[in-house]
Amino acid sequence: MEKNFTLENGLRFISSQNRNINSVSISVFFRVGSVYENRFNYGITHLVEHLFFRRFNNLNNSELYYKAESIGTELRGRTFRDFVCFEAVVVPQYFKSLMDLLMNLFADFSWTNDELDAEKAIVKKQIDFSTQSYLEFGEELYFNCEEYSVPIMGDWDTVKNFSVVEVNQWKKKYFQCSNAAVSIAGGFSQNDLEYAEKCLSTLKCFSDEVIQKKWITPPNLFSRTEKDIRLFPGNSSISDVWIMFDVNLKNCNLTTAEMLSTILGGWCGSRLPYLLIDTYALTDMISSVVYQYAEFARISIEYSIFGQDILESLSYVFDTVKALKKDIRHEDFDKMISFFTTNRIKDNDDPQGLSFTRGYDEWIQNYTDESRLENPSYVTISNTIQKAAQYVFSPENLSIFIRNNRQTVRQKDIKNFCINFREELR
């Protein structure tokens, strides 16, 4: 049983019930992050998320940890580019206790200077130890904007100067019920559901200000040119590759994009891993992943490889994409279809994943994939995927980013190789 509605106070309430499992997950989302910040306060959202663990309304950090661990859970907080999520998992008998604990997220309280200074010291260590991840670098290149270029936790020169007034104002503006969603999944009872709805309905907004969702789209979306083939110098013998295709979700639904991506590199037996890993031993990892962003998505083929093998690997990848654009094989269908039909029932056994996914899809991204695969056949599915492949794998959707050592292979040779592939997609 699934529900998705908005309470009178503006809070979105999402639930997915499965009485056959012995755990319940509650995820609390707030629309805020680096895309809502600016060059004067990058990192403030991450700092505020940390401060909730310094003091949780009237609970100090040791009291918070005691409350959570005494019901067999750990409260987790994560800051992303466009949202913050707090979540925890309990057995059903502790559902109400967890709900009561999470209500403190919406309380109207303020942190002190001493608490701010103590948490800044922890954030400083995180900043000192942090390095940009492979995914973060790929997103920075794809979006090509400041909001996706700065670290989510900001830089220390900015963070150290935040005043207690600034962080409390940020909390009051963004961390309130009218800018939040609560997603619940798992083995809760009808009584639990009614209790949660009753609790959340009592919440009051701190202000009347409505936070507008910020959509950020990359430049040249669906109108890519040769300029979207970009090479970056590297000092390592290892080259990093991102081959990406924009997906307009108005023309190709998310499920179809995920099926395309799965055939390419979703699993070990997919076309690209089997070719580059098992057959030619060129790399130990290659994947094709779908990233969703509201009304568009991107299929991203990602791998790292020794520089001297870069052109050979690209030839195999490019040939595979071109072949998939022309022909969905019966074996592709056989290996892929279970993951999108019978296997989907396994999602219900993962309440934490389900509560997060539904909250993210239906509230953060405002996107619900209505496609349903009922009695799928090779003929119907392959025709659908084939049409999508011909649309998605086009030069207007193609971006290629490669970071390599110029001393191994000339940038000019790689660029020309990629340009030729782009022309062959026409």
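Details of the structure are given in the entry above.
Residues numbered from 1 in each chain as written. Predicted model: local features only at pLDDT ≥ 70, side-chain atom pairs only at ≥ 80, totals over all residues. Heavy atoms only, no water.

**Here's the deal with the overall build of the protein chain**
As a reminder of what qualifies: Put simply, DSSP marks the helices as runs of H or I at least four residues long and the strands as runs of E at least two long, and each gets a number from the N terminus on. Only C-alpha atoms enter the radius of gyration; for comparison, a globular chain is expected to reach 2.2 Å times N to the power 0.38, where N is the number of residues. Two residues form a contact once any of their heavy atoms are found within 4.5 Å. The convention is simple: Lys and Arg are positive, Asp and Glu are negative, and His and the chain ends are not counted. Lysine's charge is taken at NZ, arginine's at CZ, aspartate's at CG and glutamate's at CD.
What the protein chain contains, in helices and strands, is 15 helices and 13 strands. Taking 22 Å as the expected radius of gyration for a compact globule of 426 residues, we find that the protein chain reaches 23 Å, a close match to that expectation. With the C-alpha coordinates of the protein chain rotated into their principal frame, the extents come out at 60 × 55 × 35 Å. Pairs at least 24 residues apart make up 84% of the contacts formed inside the protein chain by residues separated by at least 6 positions. Mean positive and mean negative side-chain charge positions of the protein chain (46 and 57 charges, respectively) differ by 3 Å.

**Some words on the nonpolar core**
As a reminder, the rule being used: Only buried residues count toward a nonpolar core. Its members are Ala, Val, Leu, Ile, Met, Phe, Trp, Tyr and Cys residues joined through side-chain atoms within 4.5 Å. For every residue, the accessible area obtained with a 1.4 Å probe (protein chains only) is divided by the maximum for its type, and the residue is called buried under 20%, exposed over 50%, and partly exposed between those limits.
Counting 74 residues, the largest nonpolar core has F106, F175 and L200 as its most contacted members. Discounting residues that sit within four places of it in the chain, L200 has contacts with L7, N9, L11, F13, M99, M103, F106 and V182. Membership of the second largest hydrophobic core comes to 52 residues, among which are L231, I243, L272 and I381.

**Some words on the packing of helix α1 (residues 44–54) against helix α2 (residues 61–69)**
Selection rule: Lines fitted to the C-alpha atoms define the axes, with helices restricted to the stretch that makes contact. Angles between their N-to-C directions range from 0 to 180 degrees. Angular relationships are summarised with four words: roughly parallel below 35 degrees, roughly antiparallel beyond 145, roughly perpendicular across 65 to 115, and oblique for the angles in between. Note that Gly is not counted as nonpolar here; it falls among the polar residues with everything else outside the nonpolar set of Ala, Val, Leu, Ile, Met, Phe, Trp, Tyr, Cys and Pro and the charged set of Asp, Glu, Lys and Arg.
At a minimum axis separation of 7 Å, α1 and α2 run at an interaxial angle of 75°. When the interaxial angle is binned, α1 and α2 end up roughly perpendicular. Side by side, α1 and α2 meet where F52, F53 and R54 of the first sit next to N61, L64 and Y65 of the second. Looking at the contact of α1 with α2 residue by residue, the class counts come to 4 nonpolar, 1 polar and 1 charged.

**Some remarks on the environment of D350**
Within the secondary structure, D350 sits in the loop between α12 (330–336) and α13 (351–364). In the structure, D350 is positioned 332 residues away from N18 in sequence and 10.0 Å away in space, judged by C-alpha atoms.

**Quick look at the pattern of salt bridges**
Our working definition: Any Lys or Arg side-chain nitrogen found within 4 Å of a carboxyl oxygen on Asp or Glu counts as a salt bridge.
For the structure shown, the criterion picks out 23 salt bridges. With a shortest N-O distance of 3.7 Å, E258 and R344 are connected by a salt bridge. Within this pair, whereas E258 is found in helix α9 (residues 254–265), its partner R344 is found in the loop between α12 and α13, the two being separated by 86 residues in sequence. Judged by its relative accessible area of 24%, E258 is partly exposed. Judged by relative accessible area, which is 33%, R344 ranks as partly exposed. With a shortest N-O distance of 3.8 Å, R329 and E331 are connected by a salt bridge.

**A look at the packing of aromatic side chains**
To be explicit about the condition: Put simply, two rings from Phe, Tyr or Trp (the six-membered ring, in Trp's case) pair if the centres are within 6.5 Å, and we call them stacked under 30 degrees between planes, edge-to-face over 60, tilted for the rest. A ring has a charge above it when a Lys NZ or an Arg CZ is no more than 6 Å from the ring centre and no more than 35 degrees off the ring normal.
Per the stated rule, a full pass over the model turns up 36 aromatic pairs. Their ring planes at 10° and their centres at 4.3 Å tell us that F80 and F83 sit as a pair that is stacked. The interplanar angle of 50° and the centroid separation of 5.4 Å between the aromatic rings of F137 and W242 together place this pair among those described as tilted. One end of the pair, F137, is in helix α5 (residues 134–143); the other, W242, is in strand β10 (residues 238–248), and 105 residues separate them in sequence. Considered together, F137 and W242 belong to a single accessibility category, that of buried residues. A network of ring pairs unites the aromatic residues F30, F52, F53, F56, F86, F106, F109, W111 and F175 as a single cluster. Here K96 stacks its cationic end above the ring of Y195, 5.2 Å away from the centre of that ring. For R403, the ring lying beneath its charged end belongs to F137, and the centroid distance is 4.2 Å.

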